Amino acid sequence: MKKNSVAISSSYKTQLSDSYYMSIQMRLDGLSFSVLDPVNNAVLAIGNADFGIVDEMFSRHEEFVLKEEIFKSNFKSVIVSIESRSFSMVPKALFEMEHAADILRFIGCHISKDDKVLANNIEMVGGVLVFAVPNFLYYFLQTQYSDVRVLHQTEPIMQAALLKRDNDKKKAVMHTVFSSDGVTIVIVEQNKLKLCNKFKYKEVNDLVYIIIYTLEQMGLNNDSTKIVMSGDIEIGDARIELVKRFAHNVSVAQLPDYFSYDVRIPEPEHKYVNLLNLNICV
């Protein structure tokens, strides 16, 4: 394991855990979590583990959950987002659960009998997000927590983007969320979802091309469209600096201001923005 850190506030009371919300974000190469006290709207605990390698079987994630003491408590709500490469958005009116796996196969995803295909309604966009996770991971979470919600990693990104009201409603916002093997791009304009997709790239120049080309294809103005970066990317990273040379309104994501923080959020803070936004999906 590359990095393993857990910070718990003195305000955290184990005997009150059944009134807290636990959020868990399972990335392909790591895991992070937070605990929210919904009464005071305060983040009481946060933790992170970077495994250093991609683990698509999620065995290291299970090991981390089993070993860390904080996961053994009972919580009022447990919500888990999983980074799955196999996902798609389908209009709600056209969706039928019995064809969910076929939808993923149609777009080139390899779905086997060892996969659990899930479908979550995204009411704000009138769509259904279909995705696949390993069967054993799904049932592991079900056995660990009696009432757990399993989401795709893009759901808190979309929910937060659609809930946030920009002062200038005409401006579009491109959210670029970095992970170990690519970047997820979510675009919202006038409170409507225009795009949600994940792109792989090898070189920094490829990333710049993806962003600028996507702006052009969506018919968005480079000067006025906000590009907000978050996830697995460091401050001063070459990717940020090069994108800034070609895009004109680039910033890193800030911590959600609708929570208070009784524990220090590790640097870089934007790595945890989408984890914390899981709390609005409860």
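Heads up: the structure comes first, above all this text.
Cut-offs and rules
Residues numbered from 1 in each chain as written. Predicted model: local features only at pLDDT ≥ 70, side-chain atom pairs only at ≥ 80, totals over all residues. Heavy atoms only, no water. Helix = DSSP H or I, 4+ residues; strand = E, 2+ residues; numbered from the N terminus. Buried < 20%, exposed > 50% of the residue type's maximum accessible area, 1.4 Å probe, protein only. Contact = heavy atoms within 4.5 Å. Areas by Shrake-Rupley, 256 points an atom, 1.4 Å probe, with all protein chains shown as cover. Lys, Arg positive; Asp, Glu negative; His and termini not counted. Charge placed at Lys NZ, Arg CZ, Asp CG, Glu CD. 1 Å grid on protein atoms, 1.4 Å probe; cavity = no way out; pocket = protein on both sides within 12 Å on 5 of 7 lines; lining within 4 Å. Points joined across faces, edges and corners; volume = space filled by probe spheres on them. Nonpolar A, V, L, I, M, F, W, Y, C, P; charged D, E, K, R; others polar. Pairing = 2+ DSSP bridges. Axes fitted to C-alpha atoms, helices over the stretch in contact; angles between N-to-C directions. Phe/Tyr/Trp six-rings, centres within 6.5 Å; stacked < 30°, edge-to-face > 60°. Core = buried A, V, L, I, M, F, W, Y, C linked by side-chain atoms within 4.5 Å.

(A) Summary view of the overall build of the protein. Looking only at helices and strands, one finds seven helices and 15 strands in the protein. By the burial criterion, 54% of the 282 residues in the protein qualify as buried. Considering only contacts in the protein between residues 6 or more positions apart, those separated by 24 or more positions represent 62%. In the form shown here, the protein has an accessible surface area of approximately 13800 Å², with 48% of it arising from carbon and sulfur atoms. Charge-centre separation for the protein: the mean point of 30 positive side chains lies 2 Å from the mean point of 35 negative side chains.

(B) Representation of empty space enclosed by the protein. Scanning the entire structure with this criterion turns up one cavity of 30 Å³ or more. Volume-wise, the largest cavity comes out at about 170 Å³. If you go around the largest cavity, you meet 16 residues; those closest to its centre are Gln25, Arg27, Gln153, Val177 and Phe178. For the lining of the largest cavity, the elements supplying multiple residues, two or more each, are β2 (21-27), α4 (154-163) and β10 (172-179). Residue classes in the lining of the largest cavity are distributed as five nonpolar, seven polar and four charged.

(C) Just the sheet that holds strand β14 (residues 250-252), in detail. One open sheet holds the five strands; their spatial order is β12-β11-β10-β13-β14, and the pairing between them is mixed. Looking at the sheet topology across the chains shown, the edges are occupied by β12 (192-199) and β14. Direction aside, the axes of adjacent strands within the sheet are offset by 20 degrees on average. Together, β10, β11 (182-189) and β12 form the strand contacts of α4, whose direction differs from that of β11 by roughly 25 degrees. The strands touched by helix α5 (residues 204-217) within the sheet are β10, β11, β12 and β13 (226-231), with β10 carrying the most contacts at an inclination of about 155 degrees.

(D) Region of interest: the pairing of β10. The buried count for β10 comes to eight of eight residues, which makes it a mostly enclosed element. A two-sided burial pattern is seen for β10, the buried positions comprising Ala172, Met174, Thr176 and Phe178 on one face and Val173, His175, Val177 and Ser179 on the other. Where β10 folds back on β11, the antiparallel hairpin that results is connected by two residues. The pairing of β10 with β13 spans six bridges and is classified as parallel. Looking at the pairing, methionine 174 lines up with isoleucine 227 of β13.

(E) The arrangement of the packing of aromatic side chains in detail. Summed over all chains, the structure comprises six aromatic pairs. Where tyrosine 12 meets tyrosine 20, the ring centres are 5.3 Å apart and the plane angle is 45 degrees; that geometry is what we call tilted. Each member of the pair, tyrosine 12 as well as tyrosine 20, carries the same accessibility label: buried. Pairing phenylalanine 64 with phenylalanine 71 gives two aromatic rings, centres 5.9 Å apart and planes at 70 degrees, and the pair type is edge-to-face. When sorted by exposure, phenylalanine 64 lands in the same class as phenylalanine 71, which is buried. Each member of the aromatic cluster is reached from another via a ring pair, and the members are Phe33, Phe64 and Phe71.

(F) Examining the nonpolar core more closely. Core analysis: the largest hydrophobic core is formed by 43 residues, its most contacted members being Met22, Ile24, Met26, Leu31, Phe71, Ile82 and Leu141. Ala172, Ile185, Leu195 and Val250 belong to the second largest nonpolar core, which has 23 residues in total.

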